[in-house]
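# Residue-level structure breakdown
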Amino acid sequence: LSSFIKTEPAPDSYGCPMNPTLTQYAVADRRLTEILDGVPATGWTSPTPCPGWSAADVVGHLIATQRDFLGTHGVDLGAAPDVALDPAAAWREHARQVGAAVSDDAVHGREFDGFFGPTTVGAALEQFYVWDMVVHRWDVARAVGADAGLTDEELDRIDAGADSFGPALYMDGICQPAVAVPDDADRGTRVLARLGRSA
């Protein structure tokens, strides 16, 4: 899936060597961080399209799932940042921690048997967790009335990810069933509808 987000100049805020996985993560991180930094203090409790989750809850989910995944594969990110104190700052610290870890070729190239078969930490991070960052950027933006600015390449990534997940996309805790959209709906609306989201 790495071809679905254009390679851009990667942020140098990680302060570590970049590799293809980290480059993809960095692009998604930059765009997500722009949205999070624009959330007003009162916006963090706003409900998102994810039932029962506020904007802050979505950030907590992103951090927790990435930490759990990397921790399962022997990566110690150190102390978890405090989402309740400042969700945007917590995300920035978490992304820095992930960047430092994934810059290690031994980490992003680490092989394991995943849900869909043999893979690597880097490939899984791109397929599932970068995908999640793109989708949840839209959720947070929607919660606070901002424009997520999904690009054509990101819509390609969302579509390709949904295709790769197959029926697992609609397992409990992942996505709600697809919603119907008009025949003349724009592409963004149609792609998000696959994920049970009404754009």
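It should be noted that the structure appears before, not after, this text.
Residues numbered from 1 in each chain as written. Predicted model: local features only at pLDDT ≥ 70, side-chain atom pairs only at ≥ 80, totals over all residues. Heavy atoms only, no water.

Before going further, it helps to examine the packing of aromatic side chains. This structure, assessed with the given rule, holds eight aromatic pairs. Between F116 and F165, the ring centres sit 6.4 Å apart and the planes meet at 15°, which makes this aromatic pair stacked. With F116 in the loop between β1 (111-114) and β2 (117-120) and F165 in helix α6 (residues 152-165), the pair connects residues that are 49 residues apart, well separated along the chain. Where F128 meets F165, the ring centres are 5.2 Å apart and the plane angle is 10°; that geometry is what we call stacked. Taken together, the residues span a long stretch of sequence, with F128 in helix α5 (residues 121-144) and F165 in helix α6 at a distance of 37 residues. (Phe/Tyr/Trp six-rings, centres within 6.5 Å; stacked < 30°, edge-to-face > 60°. Helix = DSSP H or I, 4+ residues; strand = E, 2+ residues; numbered from the N terminus.)

Turning our eyes to something else, we now look at the layout of surface pockets. In this structure, the largest pocket spans a volume of roughly 970 Å³. Lining the largest pocket are 37 residues, with H61, F128, D132, G173 and I174 sitting closest to its centre. At the level of secondary structure, the elements contributing two or more residues to the lining of the largest pocket comprise α2 (55-72), β1, β2 and α5. Here the lining of the largest pocket gets eight residues from one element, more than from any other, and that element is α5. Split by residue class, the lining of the largest pocket holds 21 nonpolar, 12 polar and four charged. (1 Å grid on protein atoms, 1.4 Å probe; cavity = no way out; pocket = protein on both sides within 12 Å on 5 of 7 lines; lining within 4 Å. Points joined across faces, edges and corners; volume = space filled by probe spheres on them. Nonpolar A, V, L, I, M, F, W, Y, C, P; charged D, E, K, R; others polar.)

The next point concerns the pairing of β2. Taken together, the four bridges between β1 and β2 define a ladder with antiparallel strand orientation. Paired with D113 across the bridge in β2 is P118. Count of turn residues in the β1/β2 antiparallel hairpin: two residues. (Pairing = 2+ DSSP bridges.)

By the burial criterion, the buried members of helix α7 (residues 187-194) are G188, T189, V191, L192 and A193. Where the residues of α7 are buried, they touch α5 and α6. The N-capping residue of α7, defined by a side-chain oxygen 3.0 Å from the backbone nitrogen of G188, is D186. Looking one or two residues beyond α7, the residue adopting positive phi is G196, at roughly 75°. (Buried < 20%, exposed > 50% of the residue type's maximum accessible area, 1.4 Å probe, protein only. Contact = heavy atoms within 4.5 Å. Polar contact = N/O pair within 3.5 Å; in protein donor to acceptor, adjacent residues only side chain to side chain.)

Next up on the list: the packing of α5 against α6. With their axes 10 Å apart at the nearest point, α5 and α6 run at an angle of 130° to one another. Classed by the angle they form, the pair α5 and α6 counts as oblique. When the axes of α5 and α6 are compared, the crossing they make is left-handed. Listed contacts from α6 to E126, Q127, F128, V130, W131, V134, V135 and R137 of α5 are E154, R157, I158, G161, A162, S164 and F165. (Axes fitted to C-alpha atoms, helices over the stretch in contact; angles between N-to-C directions. Parallel < 35°, antiparallel > 145°, perpendicular 65-115°, else oblique. Left-handed = near helix turned anticlockwise from the far one by under 90°.)

With that out of the way, let us pick up helix α1 (residues 20-37). With 18 residues, α1 extends 26 Å between its outermost C-alpha atoms, agreeing within 8% with the 26 Å of an ideal straight helix rising 1.5 Å per residue. Of all 18 residues in α1, 14 are buried; the element is thus mostly enclosed. The opening residue of α1 is N19, an N-cap whose side-chain oxygen sits 3.2 Å from the backbone nitrogen of T21. (Expected span 1.5 Å × (residues − 1).)

Moving on, we come to the packing of α1 against helix α3 (residues 87-102). Here α1 crosses α3 at 175°, and the two axes come no closer than 10 Å. In terms of orientation, α1 and α3 fall into the roughly antiparallel class. Side by side, α1 and α3 meet where T21, L22, Y25, D29, L32, T33, L36 and D37 of the first sit next to A88, W91, R92, H94, A95, V98, G99 and V102 of the second. Classifying every residue of the contact of α1 with α3 by side-chain character gives nine nonpolar, four polar and three charged.

Once that is clear, we can look at the environment of P20. Structurally, P20 can be placed in helix α1. Residues P20 and S103 lie 83 residues apart in sequence; the distance between their C-alpha atoms is 9.4 Å.

From the geometry alone we can't say anything about function, so treat these as descriptive.
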